[in-house]
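Take a look at the letters that make up each chain.
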Amino acid sequence: MQVADTTAKPNPDITIVRFAPSPNGLLHLGHARSALLNWRFAKRSGARFLLRIEDIDTTRARPEFEQAIFEDLSWLGLDWPEPVRRQSDHFDDYRAALVELRKLGLLYPAFMSRAEVTSHVRVYEQNGRVWPRDPDGAPHYPAVDQGLAEAERNRRIDAGDPHSWRLDMQAALDGLTSQEGETVSLTWQEDGQGPDGETGKVVADPGVWGDVVLARRDVPASYHLAVTVDDALQAITTVIRGQDLFASTSVHRLLQSLLGLPAPIYRHHSLVRDGSGRKLSKSHGDIALAELRAKGLSPADVSAMAGLDALE
Ligand code: GLU
């Protein structure tokens, strides 16, 4: 098999797409839809199709799930250049991005546990006030650690206090102001569709996420950071993924802007819905491909169940 140069510089002449599953469980129909849409786009447009293993969640990622990803995708008829990029092999790349963001003064250590955040929010909401939440429904991180003095931060880090690293969202947004003092709006090219039909030039709205985690307590990366760095390092030109990640694109665009990385075109696709009238016990999109294979379904059957018709 061909060897992938996973750190290639972006070449505008080559279209490169990727399917980037996390080996935290078995692939299901929703993954099949995303993988097949990437694959078909690549075949149709002469693009390169890459597979990337997003395994920064080292507590949940398991080698047998990674193996199952390779098997399921091969069974579906897909192939990809080897070696695949496995995120857990590249923590240094994410560390380098974190150093850049720290130099810009945009990162701070966040010491509050999830339980502490929850109780902080509960106290605030007792008076009928509403605490802001991100598009996934999680409360914004309170502006408590952000204001800690440098000496106190260092003392707690030296004392081994568990902490993640968060982006100071307001400072990052303020930095988008042009020299003339005008706010520069971040946009992306959406060739697919957002959940509310957004398409074409979409204005990013990263502020809705609050101070996102860029390095988790256990690993020097987060989904947002790793996906942004990797899409750039692998010179991905077109990101094809589910609409559930549409809102995250605002964070990715902000990070691209802060880190001076190129912005791919995005094609968000609709998710698998149970519109076929089949009686299935689990939610349609959640059915493991392995289960369907074991039942004797063919790749063409799975493709149809994933909402791709034969002519697509
Ligand atoms: N690893 C992510 C997932 O499995 C997908 C990331 C992406 O496509 O941007 O949901």
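Residues numbered from 1 in each chain as written. Predicted model: local features only at pLDDT ≥ 70, side-chain atom pairs only at ≥ 80, totals over all residues. Heavy atoms only, no water.

An unreviewed UniProt entry lists the protein chain under the name Glutamyl-and glutaminyl-tRNA synthetase, from Hoeflea phototrophica. Under the Sequence similarities (unreviewed entry) heading, UniProt states for the protein chain: "Belongs to the class-I aminoacyl-tRNA synthetase family." (UniProt positions renumbered as here; feature names shortened; annotations may be inferred.)

K.L.:
Tell me about the site of the ligand, residues and numbers included.
P.N.:
The immediate surroundings of the ligand are formed by R18, A20, P21, S22, E54, Y223, V227, R241 and L245. Within the side chain of R18, a nitrogen or oxygen atom sits 2.8 Å from an oxygen atom of the ligand. One of the side-chain N or O atoms of Y223 is found 3.1 Å from an oxygen atom in the ligand. Looking at the shell around the ligand residue by residue, the class counts come to five nonpolar, one polar and three charged. (Near = heavy atom within 4 Å. Polar contact = N/O pair within 3.5 Å; in protein donor to acceptor, adjacent residues only side chain to side chain. Nonpolar A, V, L, I, M, F, W, Y, C, P; charged D, E, K, R; others polar.)

K.L.:
Can you lay out the sheet that holds strand β4 (residues 107–110) for me, pointing to particular residues and giving the numbers?
P.N.:
Pairing within the open sheet is antiparallel, and its three strands lie in the order β4-β5-β8. Edge positions in the sheet fall to β4 and β8 (213–215), since each has one partner strand and no second. Strand-to-strand, the axes of this sheet are offset by a mean angle of 45°, without reference to chain direction. Where β4 and strand β5 (residues 164–167) come together, four bridges link them in antiparallel fashion. Within β5, the residue paired with P109 across the bridge is W165. (Pairing = 2+ DSSP bridges. Helix = DSSP H or I, 4+ residues; strand = E, 2+ residues; numbered from the N terminus. Axes fitted to C-alpha atoms, helices over the stretch in contact; angles between N-to-C directions.)

K.L.:
Could you give an account of the confidence of the model for the protein chain, naming the residues involved and the relevant values?
P.N.:
Looking at the protein chain, the pLDDT average stands at 92 and 91% of residues meet or exceed 70. Predicted confidence for residues 1–9 stays below pLDDT 50, and this span has 20 contacts to residues more than four positions away or in other chains. (pLDDT = per-residue confidence, 0-100. Contact = heavy atoms within 4.5 Å.)

K.L.:
Requested: an account of the pattern of salt bridges, with residues and values cited.
P.N.:
As enumerated under the stated definition, the model contains 20 salt bridges in all. Here R52 and D231 are joined by a salt bridge, their closest N and O atoms 3.0 Å apart. Note that R52 is positioned in strand β2 (residues 48–53) and D231 in helix α7 (residues 223–233), a separation of 179 residues in sequence. Taking the relative accessible area as the measure of exposure, R52 reaches 0% and is therefore buried. Of the residues examined, D231 reaches a relative accessible area of 3% and is grouped as buried. The partner of R95 in a salt bridge is D92, with the nearest N and O atoms 2.6 Å apart. Within this pair, R95 and its partner D92 are both found in helix α3 (residues 91–103), separated by three residues, close to a single helical turn. Look at D92 and you get exposed, because its relative accessible area is 57%. Overlapping salt bridges, with partners in common, bring together R18, R52, E54, R85, D93, D230 and D231 in one network. (Salt bridge = Lys/Arg side-chain N within 4 Å of Asp/Glu carboxyl O. Buried < 20%, exposed > 50% of the residue type's maximum accessible area, 1.4 Å probe, protein only.)

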